[in-house]
Each structure stands twice: as C-alpha cells, then as structure tokens.
Amino acid sequence: MKGPQVMRLEKALAGATEEQVQAASNEWLHGSELLRIVQRALERAAPAIGDQLGPDTGPAAAAAFTTMAEKVDERRGQMERASQALEQARSALSQARSVQAGFAGDLHDPGDFRPDPDADEVDQIRAHRAHSARKAAFSAAFAEREEQARQAADRMDEVYRGSTETMKQVHGEPDRPIGGGGGGGGSTGAGGGGATPAGGGRAPTPFSGSPGPVPGPGPAPGPGTGPGLPPGAGGGAPGPGAGVPG
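Fair warning: this is a prediction, and the values are worked out from it, not measured in the lab.

1. Some details on the overall build of the protein chain
Per the secondary structure count, the protein chain includes three helices and zero strands. Counting helices and strands in the order they occur from the N terminus, the protein chain gives α-α-α. Residues counted as buried form 37% of the 246 residues belonging to the protein chain. Counting only contacts in the protein chain whose residues sit at least 6 apart along the sequence, the fraction spanning at least 24 positions is 80%. In the form shown here, the protein chain has an accessible surface area of approximately 12,700 Å², with 54% of it arising from carbon and sulfur atoms.

Dropping the structure here:
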C-alpha cells in the first residue's frame, strides 16, 4: 500500500536521471573553464595590441579587448553558476532516490479485526491483541514512509525551484521538460508537502540552454598576425549563443 507522498515522490523521480543532470552540469563547467582561457588571453593581448597599433587606434583597441574580457568573464560566471545549480539538483535527485530505495517491499494493511465465531473468549482476546499489534506496526511504518517521502519531495521542490531560476537567468528562456509529464500541480493529498516536485515532469533544464560554442576574439586586428590567442583558446567571433556581445 502506498500513500500520497510516496506516490508523489515516485512521480518526481520519474522525470529525470542523475546521469542526465550530471552530464549537463559537466558540460556547463567545461564551457566555463574554456571561457576562463579566453578571458585571460584577452587580458594578456590588450596591452600588446595597444602598443602594436600606436597612439591613434591602440588605446581604443586595447580598451575593446579589455571590455571583451570583462564580458567573457561575466558569461563564464553565469556558466559556472549553471553548473553548480545542476549539481545541486543532481544531489537532491540522488538523495531522494536513496530514500525511495529504502522503501523495501509494499506495506500491507491488516484491515479491521474479524473475530472467529468458533473461537473461545481467550482465543478471541489473543487474536485481537495480535491484530492490534500488526495494525499498529503497519500504521507506524506507513506514517514513517510518508514523512520520509514528503521531506525528500519537498527538498526536490526547493532545490529545483532555485536551480531552475538560475538556469532561466543564464540562458534567458523558460525551462523545458526532460522526458514526459507535466509540470506538477497542487498538493497531492494527505500530509501536505506542497506541490508536486518539478522533477515530476520537469527538471532544471540542463538541455534548454546548453553552453554552445565558446567565444573567442580570433586573431588581433592590425598588421601581421597580432598577439591573437593561444591555440584552442577559442573559436570564432562570439555570437548570441555564447551570450557575449560582439
């Protein structure tokens, strides 16, 4: 027998897997590390490009490189926060999964006591006491599972709300569902515990704003090749997908 909170937790855990969320977190973290390389390369290149282009255009070019470095660093921070948000969601998901795994086997309600009409009074008393003990054990186990499930689902609610808000801020669009199911709704019944967790059909969108290409300034302008960037520090000019204005 399953209570409303246990079923609520089951629904939440059906919405995503730890592996999905962890992979997305790692992708965002890797992107932030690449942007750190780009940022440092821009900072190193700014003085050199200023000297190379001379007093007329050099200061403006150096300032442009510095501004770009600041924008890249801002985007790097966003990507790092996205990775952290997804890691928090993965942790909550994993903890909730452990709680669910602890619910070994179904609970069986012994129901109401049914006296045996052929038993004598002493046997009736003994049977009633035994039934009362089974009923009390069932009620205690049922209540414990419901409370554990409620706490785990509430924790998923709390973490998913914060993580989803972070993801929205990073990529500027609403979260999208992972897998099937709706976005959850109101309370699921006895015991309270708030709305169905976002994990009941929605997770903090690791896939609706993947980091995309890492921006890079390309070679520095001016005669020759200029200071440029070290190999592998970045690709072409930044675009909207990278979130760094050109």
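2. Things to note about helix H1 (residues 4-13)
Along H1, the residues that are buried comprise Gln5, Val6, Arg8, Leu9, Ala12 and Leu13. Here the buried residues of H1 occupy an arc of 155° about the axis, which is enough to place them on one side.

3. Topic: helix H3 (residues 121-171)
Here H3 spans 73 Å end to end across 51 residues, near enough to the 75 Å set by a 1.5 Å rise per residue. For H3, the N-terminal capping position is held by Asp120, with its side-chain oxygen 3.2 Å away from the main-chain nitrogen of Val122. After H3 finishes, the residue Gly172 shows a positive phi value of roughly 65°.

4. Comments concerning the packing of H1 against H3
Packing of H1 against H3 brings their axes to within 8 Å, and their N-to-C directions diverge by 35°. For H1 against H3, the interelement crossing comes out left-handed. Between H1 and H3, the residues in contact are Pro4, Gln5, Val6, Arg8, Leu9, Ala12 and Leu13 and Arg145, Glu146, Ala149, Arg150, Ala152, Ala153, Asp154, Met156 and Asp157, respectively.

5. A word on the side chain of Arg76
Here Arg76 shows up in helix H2 (residues 18-101). Exposure remark for Arg76: the relative accessible area of 11% places this residue in the buried category. Beyond its immediate sequence surroundings of up to four residues, Arg76 is in contact with Ser32, Leu35, Arg36 and Gln39.

6. Some thoughts on the packing of H2 against H3
A pair of packed helices is captured by two measures, namely the crossing angle of their axes and the spacing between those axes. Packing of H2 against H3 leaves a shortest axis separation of 9 Å and a crossing angle of 165°. Between H2 and H3, the crossing angle belongs to the class labelled roughly antiparallel. Classified by chirality, the crossing of H3 by H2 is left-handed. Taken together, the residues of the contact of H2 with H3 sort by class into 16 nonpolar, six polar and two charged.

7. Things to note about the environment of Ala45
Position of Ala45 among the secondary structure elements: in helix H2. Residue class for Ala45 comes out buried when judged on its relative accessible area of 3%. The spacing of Ala45 and Ala62 is 17 residues in sequence and 7.9 Å in space, taken between C-alpha atoms.

8. Some thoughts on the pattern of salt bridges
Taken as a whole and judged by the stated rule, the model has 13 salt bridges. Linking Lys2 and Glu10 is a salt bridge whose minimum nitrogen-to-oxygen distance equals 2.8 Å. The exposure class of Glu10 is partly exposed, given its relative accessible area of 29%. Of the charged contacts in the structure, one is a salt bridge between Arg8 and Asp154, with a shortest N-O distance of 2.8 Å. Of this pair, Arg8 sits in helix H1 while Asp154 sits in helix H3, placing them 146 residues apart in sequence. Shared partners join several salt bridges into a network, and the residues in it are Arg8, Glu147, Arg150, Asp154 and Asp157.

9. Section: the nonpolar core
Counting 34 residues, the largest nonpolar core has Leu9, Trp28, Leu42, Leu93 and Met156 as its most contacted members. At the level of secondary structure, the elements contributing two or more residues to this core comprise H1, H2 and H3. Filtering out sequence-adjacent residues up to four positions away, Leu93 remains in contact with Leu13, Ala16, Thr17, Glu18, Val21, Met156 and Tyr160.

10. Comments concerning the packing of aromatic side chains
Within the structure shown, the criterion is met by one aromatic pair. Measuring from ring centre to ring centre gives 5.8 Å for Phe138 and Phe142, while their planes differ by 35°; the resulting arrangement is tilted. A residue pair is termed a helical-turn pair when its members lie 3 or 4 positions apart in one helix, as Phe138 and Phe142 do in helix H3 at four residues. For Phe138, a relative accessible area of 11% corresponds to the buried category.

Procedures and definitions
- Residues numbered from 1 in each chain as written.
- Predicted model: local features only at pLDDT ≥ 70, side-chain atom pairs only at ≥ 80, totals over all residues.
- Heavy atoms only, no water.
- Helix = DSSP H or I, 4+ residues; strand = E, 2+ residues; numbered from the N terminus.
- Buried < 20%, exposed > 50% of the residue type's maximum accessible area, 1.4 Å probe, protein only.
- Contact = heavy atoms within 4.5 Å.
- Areas by Shrake-Rupley, 256 points an atom, 1.4 Å probe, with all protein chains shown as cover.
- Arc of directions from axis to C-beta.
- Expected span 1.5 Å × (residues − 1).
- Polar contact = N/O pair within 3.5 Å; in protein donor to acceptor, adjacent residues only side chain to side chain.
- Axes fitted to C-alpha atoms, helices over the stretch in contact; angles between N-to-C directions.
- Left-handed = near helix turned anticlockwise from the far one by under 90°.
- Parallel < 35°, antiparallel > 145°, perpendicular 65-115°, else oblique.
- Nonpolar A, V, L, I, M, F, W, Y, C, P; charged D, E, K, R; others polar.
- Salt bridge = Lys/Arg side-chain N within 4 Å of Asp/Glu carboxyl O.
- Core = buried A, V, L, I, M, F, W, Y, C linked by side-chain atoms within 4.5 Å.
- Phe/Tyr/Trp six-rings, centres within 6.5 Å; stacked < 30°, edge-to-face > 60°.

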